[in-house]
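Residues per chain, in single letters:
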Amino acid sequence: MAETSRPSTTASPILPGACIGVLGSGQLGRMFAIAARRMGYRVHTFSPDSDTPTGQVADIEFSASYDDLAAVRRFASGVSVVTFEFENVPAETVQAAAELSPVRPAGRVLHVTQHRLREKTFLAEHGFPVAPFAAVDSQDALERALESIGFPAILKTAGFGYDGKGQFRISSPADIGPAWNSSHDPMRVLEGFVDFQCEISVVAARSQEGEFADYGAIENSHHRHILDLSLAPARIPAETAARAVDLTRRILTALDVVGVMCVEFFLTRGGELVVNELAPRPHNSGHLTIDAHETSQFEQQLRAVCGLPLGSTAPLRPAAMANLLGDLWHQGEPNWAAACGVPGVRLHLYGKTEPRVGRKMGHLTALGDSVEEALGRVQRARAALLAHD
Ligand code: AMP
């Protein structure tokens, strides 16, 4: 699953003992920091918060606003490379960091992927399959766009949306006013509704030399717009999975990504692949790679941004991942011992103290002899969290 699209160059790698800077401080940064520290790197994290999932395992936690460019420069001057776990940082923040340290993936990858309209335009202009879309900046423009895109459609904020936040489904003309008034964002994207049979993602890494490695197609299901379950390998035809990987390789090459990127797809009922979203970092659907693949997505990000050879992405066993949202705490502390008693199940918690509804607090990964067995185990383990005797 690894190949190279450009000849090797001789950039010297950033080696263990060096310090890696992470912009953002959530669970993705935490799992990255764990991988980096295991390999002997130091980690500094930067975000407006303190006692964060990443900060708890980093060497130094910088707590300052992303707009505090003096603090950003102090952070960047102390590290050998800056990467991120949260892509919605202002462009000025990335620029200030880039004056003092390489930033990987580069700021232009962030620029494209942190704004839905720029991302869709980039994909469409490069010939990648996307749902029909239109930029809309008023209710009139929305009405006109619906004439060509049709019902149902989804109105999304153009920038800074995640986990379905800022989305409104428009099923009939009666929804137009409420949809437009559901947000103050002056620029939105109207997207045709894709009648999909399933959603899949491909997590992949690309090195400075153009080496590419992927984890194959992962099957995802969402609940209330938030990822609920991921299964690897996806239960789709091998030819479809190969097409998704090929599209992913071409997207990472077109964007000249150095690091890990996740491409989310809809698989339509007719068997077509439609790109939904890009994430220029490790992704929730790739968390199962920690337990189920020879090299996790987090170690792969580290290797890519440090200029080390990419690791093997060979699967160890079929796997299933279930997210643990704050909702699970509504009857008190979940029954961890019961979940850990299910064979093949591993618990990952992110160190968050406030279990809010919809907040990602951790995940469970189960391995099995088949995806179905792994899925059964992870569902049993998650149900066991609520068993209070
Ligand atoms: P997003 O935040 O854009 O990834 O959307 C979150 C979820 O909403 C997706 O994973 C889908 O389940 C659903 N969704 C988003 N856009 C569409 C679309 N154009 N057609 C059908 N379902 C969608």
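The following refers to the structure shown. Within every chain, residues take consecutive numbers counted from 1 along the sequence as written. Only residues with pLDDT of at least 70 are given local features in this predicted model, and only at 80 or more are side-chain atom pairs given and counted; all residues enter the totals for whole chains, interfaces and linings. To obtain the side-chain values, all non-hydrogen atoms of the structure were used and water was disregarded.

### Overview of the environment of Ala-70
Step number 1: The helix and strand labels rest on DSSP assignments: H or I over at least four residues marks a helix, E over at least two residues marks a strand, and numbering proceeds from the N terminus. Within the element layout of this structure, Ala-70 appears in helix H2 (residues 69-77).
Step number 2: Taking the relative accessible area as the measure of exposure, Ala-70 reaches 46% and is therefore partly exposed.
Step number 3: Residues Ala-70 and Val-305, 235 residues apart in the sequence, show an inter-C-alpha distance of 24 Å. Accessibility here uses a 1.4 Å probe with only protein chains present; expressed as a share of the type maximum, an area under 20% marks a residue as buried, one over 50% as exposed, and anything in between as partly exposed.

### Side note on the pattern of salt bridges
Step number 1: We define a salt bridge as a contact between a side-chain nitrogen of Lys or Arg and a carboxyl oxygen of Asp or Glu at a distance within 4 Å. Evaluated as defined, the whole model comprises 23 salt bridges.
Step number 2: A salt bridge links Arg-37 to Asp-59; its shortest N-O distance comes to 3.7 Å. One end of the pair, Arg-37, is in helix H1 (residues 27-38); the other, Asp-59, is in the loop between strand E3 (42-47) and strand E4 (60-63), and 22 residues separate them in sequence.
Step number 3: By relative accessible area, Arg-37 is classed as partly exposed at 40%.
Step number 4: With relative accessibility at 30%, the residue Asp-59 sits in the partly exposed group.
Step number 5: In the salt-bridge network here, residues are joined through shared partners; they are Arg-37, Arg-42 and Asp-59.

### What to know about the packing of aromatic side chains
Step number 1: Between 30 and 60 degrees the pair is tilted, below 30 it is stacked and above 60 it is edge-to-face, where a pair is any two Phe, Tyr or Trp rings, Trp via its six-membered ring, whose centres lie within 6.5 Å. In the structure shown here, the tally under the stated rule is 7 aromatic pairs.
Step number 2: Between Phe-46 and Phe-75, the aromatic rings sit 5.3 Å apart at their centres with planes inclined by 55°, giving tilted as the arrangement. Of the two residues, Phe-46 is situated in strand E3 and Phe-75 in helix H2; the sequence distance between them amounts to 29 residues. Phe-75 shares its class with Phe-46; the two are buried.
Step number 3: Ring pairs connect the aromatic residues Phe-46, Phe-62, Tyr-66, Phe-75 and Phe-86, which therefore count as one cluster.
Step number 4: Of note, Arg-169 hangs over the ring of Phe-193, and the distance from its end group to the ring centre comes to 4.3 Å.
Step number 5: Over the ring of Trp-180 we find Arg-188, and its NZ or CZ is 3.9 Å from the ring centre. A ring is scored as having a charge over it whenever the NZ atom of a lysine or the CZ atom of an arginine sits within 6 Å of its centre and within 35 degrees of its normal.

### Thoughts on the sheet that holds strand E7 (residues 153-157)
Step number 1: Strand order in this open sheet of 4 strands is E6-E9-E7-E8, and the pairing throughout is antiparallel. The sheet is open, and its two edges are formed by strand E6 (133-136) and strand E8 (167-170), each paired on a single side. Each adjacent strand pair in this sheet contributes to an overall mean axis angle of 25°, direction not counted.
Step number 2: Here the rule is simple: two strands pair whenever DSSP picks up at least two bridges between them. Inspection of the sheet shows E7 paired to E8 by 4 bridges, in the antiparallel sense. What sits directly across from Ile-154, in E8, is Arg-169.
Step number 3: Running at roughly 145° to E6, helix H5 (residues 116-125) makes contact with E6, E7, E8 and strand E9 (188-192) of the sheet. Orientation is described by lines fitted to C-alpha atoms, with helices fitted over the stretch in contact, and by angles between N-to-C directions that extend from 0 to 180 degrees. Any two residues whose heavy atoms approach within 4.5 Å at even a single point are treated as in contact.

### A word on helix H3 (residues 91-98)
Step number 1: Residues of H3 that are buried include every one of Thr-93, Val-94, Ala-96 and Ala-97, and no others. Angularly, the buried residues of H3 cover 160° about the axis, an arc narrow enough to put them on a single face.
Step number 2: At its buried positions, H3 is contacted by strand E2 (19-23), H2, strand E5 (81-84) and helix H4 (107-113). The reported arc concerns the directions from the helix axis to the C-beta atoms and nothing else.

### Observations regarding the packing of H1 against helix H10 (residues 297-306)
Two measures define how a pair of helices packs: the angle their axes make with one another and the distance between the axes.
Step number 1: Two numbers describe how H1 lies on H10: the axes approach to 8 Å, and their chain directions differ by 70°. Comparing their axes, H10 and H1 come out roughly perpendicular. The interaxial crossing formed by H1 with H10 has right-handed handedness. Side by side, H1 and H10 meet where Leu-28, Met-31, Phe-32, Ala-35, Ala-36 and Arg-38 of the first sit next to Phe-298, Glu-299, Gln-301 and Leu-302 of the second.
Step number 2: Here the contact of H1 with H10 is built from residues that sort into 7 nonpolar, 1 polar and 2 charged. Throughout, the term roughly parallel applies to angles under 35 degrees, roughly antiparallel to angles over 145, roughly perpendicular to angles from 65 to 115, and oblique to all others. Here is the rule for handedness: rotate from the far helix to the near one, and if that takes an anticlockwise turn smaller than a right angle the crossing is left-handed, while a clockwise turn gives right-handed. Polar here means any residue other than Ala, Val, Leu, Ile, Met, Phe, Trp, Tyr, Cys and Pro, which are nonpolar, and Asp, Glu, Lys and Arg, which are charged; Gly is therefore polar.

### Things to note about the sheet that holds E5
Step number 1: Strand order in this open sheet of 4 strands is E4-E3-E2-E5, and the pairing throughout is parallel. The open sheet has two edge strands with one neighbour each: E4 and E5. Geometrically, the sheet is characterised by an average inter-axis angle of 25° between neighbouring strands, direction not taken into account.
Step number 2: Bridge count between E3 and E4: 4 bridges; the pairing is parallel.

### Some points on the site of the ligand
Step number 1: Residues are counted as near a molecule or strand when any one of their heavy atoms sits within 4 Å of it. Taken together, 16 residues form the shell around the ligand, and within it Lys-156, Glu-191, Val-194, Glu-199 and Asn-276 come nearest.
Step number 2: What qualifies as a polar contact is a pair of N or O atoms within 3.5 Å, subject to a donor-acceptor requirement within protein and to the restriction that residues adjacent in sequence count only when both atoms come from side chains. Within the side chain of Gln-167, one N or O atom sits 3.0 Å away from an oxygen atom of the ligand.
Step number 3: For the ligand, an oxygen atom lies 2.6 Å from a polar atom in the side chain of Glu-199.
Step number 4: To be clear on the numbers: accessible area is Shrake-Rupley with a 1.4 Å probe, and residue cover counts the displayed protein chains and nothing else. Its free accessible area being 470 Å², the ligand has 94% of it covered by the protein chains.
Step number 5: Those elements that provide at least two residues to the shell around the ligand are E7, E9, strand E10 (196-206) and strand E14 (273-279).
Step number 6: Of the residues belonging to the shell around the ligand, the class tally is 5 nonpolar, 6 polar and 5 charged.
Step number 7: Here the bounds of each domain stem from an automatic or database domain assignment. Counting only domains with at least three residues in the shell around the ligand, you end up with domain 2 (132-192) and domain 3 (196-384).

### So, the packing of H2 against H3
Step number 1: Packing of H2 against H3 leaves a shortest axis separation of 8 Å and a crossing angle of 40°. With respect to their mutual orientation, H2 and H3 come out oblique. The hand of the H2/H3 crossing is right-handed. From H2, Leu-69, Val-72, Arg-73 and Ala-76 reach across to H3, where they touch Glu-92, Thr-93, Ala-96 and Ala-97.
Step number 2: When the residues that make up the contact of H2 with H3 are grouped by side-chain class, the tally is 5 nonpolar, 1 polar and 2 charged.

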